[in-house]
Amino acid sequence: MPPTNNDRSLVIVANRLPVQRVRRGTTSTWQTSPGGLVAALHPLLRKHGGSWVGWPGGEGGSSRAFRHDGMDIKPVTLSAGQIEGFYEGFSNGTLWPLYHDVLRTPRFRRSWWRSYVEVNQKFADAIEPLVGPGSMVWIHDYHLQLVPKMLRQRRADLRIGFFLHIPFPAPELFARMPWRAEVLEGLLASDVIGFQTRAVAQNFLRASRRLTRATGSGCTLRLDDHTIRVQPFPIAIDIEEFESLANAESAGERTRSLRAKFGPKRKLVLGVDRLDYTKGIDVRLRAIEEVLRRGEFSARDMCFVQIAVPSRENVDDYASLRREVEQAVGRINGEYAEPGQVAVHYLHRRLSREDLVAYYMAADVMMVTPLRDGMNLIAKEYAASRIDGTGVLLLSEFAGAANELRQAVLVNPFDIDGMAKAVQTALTMPPAEQRRRMRSLRNAVHSYDLYDWAARFLGALRGDQDA
Ligand code: F6P
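As the structure is a computational prediction, the values presented were derived from the model and not from experiment.

### Considering the nonpolar core
Then, in step 1: Grouped together as the largest cluster of nonpolar side chains are 98 residues, with contacts concentrated most on Tyr99, Phe168, Phe204 and Leu394.
Then, in step 2: Inspection of this core shows a minimum of three residues originating in each of domain 1 (10-235 + 450-462) and domain 2 (239-446).
Then, in step 3: Residues within four places of Phe168 in sequence aside, it is in contact with Tyr99, Phe174, Leu184, Phe195, Val200, Asn203, Phe204 and Ala207.

### Some words on the sheet that holds strand S12 (residues 267-274)
Then, in step 1: Spatial ordering of the open sheet is given by S14-S13-S12-S15-S16-S17, a layout of six strands whose pairing is parallel. Of all the strands in the sheet, just strand S14 (344-348) and strand S17 (409-411) have a single pairing partner and so form its edges. Each strand of the sheet is rotated relative to its neighbour by a mean of 20 degrees, with strand direction disregarded.
Then, in step 2: Across four bridges, the pairing between strand S15 (residues 365-368) and strand S16 (residues 392-396) is parallel. Its bridge partner lying in S16, Met366 is registered against Leu393.
Then, in step 3: The sheet strands contacting helix H9 (residues 249-262) are S12, strand S13 (302-309) and S14, and the helix crosses S12 at an angle near 110 degrees.
Then, in step 4: In this fold helix H11 (residues 316-336) packs onto S12 and S14, with an angle of close to 150 degrees to the strand it touches most, S14.

### Examining the site of the ligand
Then, in step 1: The local shell around the ligand consists of Arg16, Tyr87, Trp96, Asp141, Tyr142, His143, Ile166, Arg274 and Arg312.
Then, in step 2: Within the side chain of Tyr87, an N or O atom sits 2.4 Å from an oxygen atom of the ligand.
Then, in step 3: One nitrogen or oxygen atom from the side chain of Arg312 is found 2.8 Å from an oxygen atom belonging to the ligand.
Then, in step 4: Contact with the protein chains covers 65% of the free accessible surface of the ligand, which is 380 Å².
Then, in step 5: Partitioning the shell around the ligand into residue classes produces four nonpolar, one polar and four charged.

### Some points on helix H2 (residues 80-99)
Three- or four-residue spacings in an α-helix give side chains the same orientation, since the helix completes a turn every 3.6 residues.
Then, in step 1: Helix length check: H2, at 20 residues, gives a terminal C-alpha distance of 25 Å against a target of 28 Å (1.5 Å per residue), a shortfall beyond 12%.
Then, in step 2: Residue Gly89 marks the point of greatest curvature in H2, where the axis turns by about 40 degrees.
Then, in step 3: When you tally the buried positions in H2, you get 17 out of 20 residues, the bulk of the element.
Then, in step 4: Following H2 by one or two positions, Asp101 has its phi on the positive side, about 55 degrees.

### Quick notes on the side chain of Thr197
Then, in step 1: With respect to the helices and strands, Thr197 occurs in the loop between strand S9 (192-195) and helix H7 (198-211).
Then, in step 2: Among all residues touching Thr197, those that are not within four sequence positions of it are Pro232, Gly374, Gly400 and Asn403.

### Some thoughts on the packing of helix H10 (residues 281-294) against H11
Geometrically, a packed helix pair is captured by the angle between its two axes and the distance between the axes.
Then, in step 1: The contact between H10 and H11 brings their axes to 10 Å, and the two run at 10 degrees. In terms of orientation, H10 lies roughly parallel with respect to H11. Every residue of H11 that contacts H10 at Ile281, Asp282, Leu285, Arg286, Glu289, Leu292 and Arg293 is listed here: Leu321, Glu324, Val325, Ala328, Val329, Arg331, Ile332 and Tyr336.
Then, in step 2: Its residues assigned to classes, the contact of H10 with H11 shows nine nonpolar, no polar and six charged.

### Regarding the domain arrangement of the chain
Then, in step 1: Taken domain by domain, the chain consists of domain 1 (10-235 + 450-462) and domain 2 (239-446).
Then, in step 2: Between domain 1 and domain 2, the C-alpha centre-to-centre distance is 30 Å.
Then, in step 3: Taken residue by residue, the interface counts 22 residues in domain 1 and 23 residues in domain 2.
Then, in step 4: A buried area of about 1,800 Å², summed over both sides, lies between domain 1 and domain 2, and 58% of it is on carbon and sulfur atoms.
Then, in step 5: Looking only at domain 1, the three residues that lose the most surface to domain 2 are Trp96, Leu103 and Arg104, adding up to 33% of its buried area.
Then, in step 6: Here the side of domain 1 that touches domain 2 gets five residues from one element, more than from any other, and that element is H2.
Then, in step 7: Its residues assigned to classes, the side of domain 1 that touches domain 2 shows 11 nonpolar, seven polar and four charged.

What counts, and at which threshold
Residues numbered from 1 in each chain as written. Predicted model: local features only at pLDDT ≥ 70, side-chain atom pairs only at ≥ 80, totals over all residues. Heavy atoms only, no water. Core = buried A, V, L, I, M, F, W, Y, C linked by side-chain atoms within 4.5 Å. Buried < 20%, exposed > 50% of the residue type's maximum accessible area, 1.4 Å probe, protein only. Domains from an automatic or database assignment. Contact = heavy atoms within 4.5 Å. Pairing = 2+ DSSP bridges. Helix = DSSP H or I, 4+ residues; strand = E, 2+ residues; numbered from the N terminus. Axes fitted to C-alpha atoms, helices over the stretch in contact; angles between N-to-C directions. Near = heavy atom within 4 Å. Polar contact = N/O pair within 3.5 Å; in protein donor to acceptor, adjacent residues only side chain to side chain. Areas by Shrake-Rupley, 256 points an atom, 1.4 Å probe, with all protein chains shown as cover. Nonpolar A, V, L, I, M, F, W, Y, C, P; charged D, E, K, R; others polar. Expected span 1.5 Å × (residues − 1). Bend = angle between axes of the 7 residues up to and from the residue. Parallel < 35°, antiparallel > 145°, perpendicular 65-115°, else oblique. Buried area = accessible area lost by both parts, 1.4 Å probe.

What follows is the structure, given as structure tokens:
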């Protein structure tokens, strides 16, 4: 449930705004974006008044603040050069691969760093006029790690919180970055720094003690006269939203229609991801290929559906991943499809939440096998949508969600044979065992929701000791 909140005024800062511009003919309007973070924070902003600062997407545009659906929105616009240097470059060509355990080689380009500093400053400049004395500012994610210090230098009175949605790497990897001290010191100007898991929070604590003057033990650091609380706050989903989508009559109809299309007697194995190299889609396809090669299951018995949401298409590593994945789909179907029965269905598009839930409900097996992931909410969404209590979740050990969803079939996503075996186990799992595991997964997902998560973080930012 949306929390009640007696906060001081609140400013949310994230790379993306919670609204999208929708064009109709010659005019355009703003629409609230779908998605978890917006759903969790929107009620708080609406109820208590507060602003959201972020990039509206695309190049240029107006940076004039406006009101939308009870929120004050402050756009931070980016030039073409800043999109290239700050967003595609430093954020997604340097930090993203570095923070995901160097799954691709991070590029340390000085011009990208300069653009990152410039855009972080632009955000700090946009935030400052919006915050009254003692306001809370909650900054999200790796794009904006310098903003806490930039704000603190001008406004000692603010309560500044930072939450990292993605992993933070081991200090040995992080230490490669030429601007490591600047990034850590940028973050350490926050009052509270939140991470998805305890292990990742530990990485940050170790890196800070090793690479800056910060001292401290447990989850408290001190730098100069400033105290910083560093803590895991694992993110959750809006359970009510998923359950009500799953309970809707139309969901049943959509699910039956999907099952009929894919073949009612065939087992359906599903993957849903942004098309990102951290998600392990390429290795997952190799595992499916291995299952088919072993011959115990053919395209008459099962099909694999991969929904791949287009993402960051101007970044080279994403473009080459797309080519690789599409080649693999072609190769597997060439070898194993039967007339009228495709072995791998590949949908390169974004689906509505209603359609997504219908896919979750139709899938006998859900493969969430990222090579590295901060949390992975798809795993939680699958469990929340399985109101019939069946279905098998195959989950990567390297997703943050694996800490909570212990009754998933846990897999090493780098191990093709191990994953193929896990798929076979899942396809033949007796219904009683499916129910036992799914009950536990659903209990875990029900233990707290997205609103609890936001309330906990803001409680810590207000200084509550038990948050
Ligand atoms: O998981 C990190 C994240 O930045 C999310 O906040 C965001 O929804 C997703 O990746 C997509 O990223 P982008 O904003 O680059 O499209």
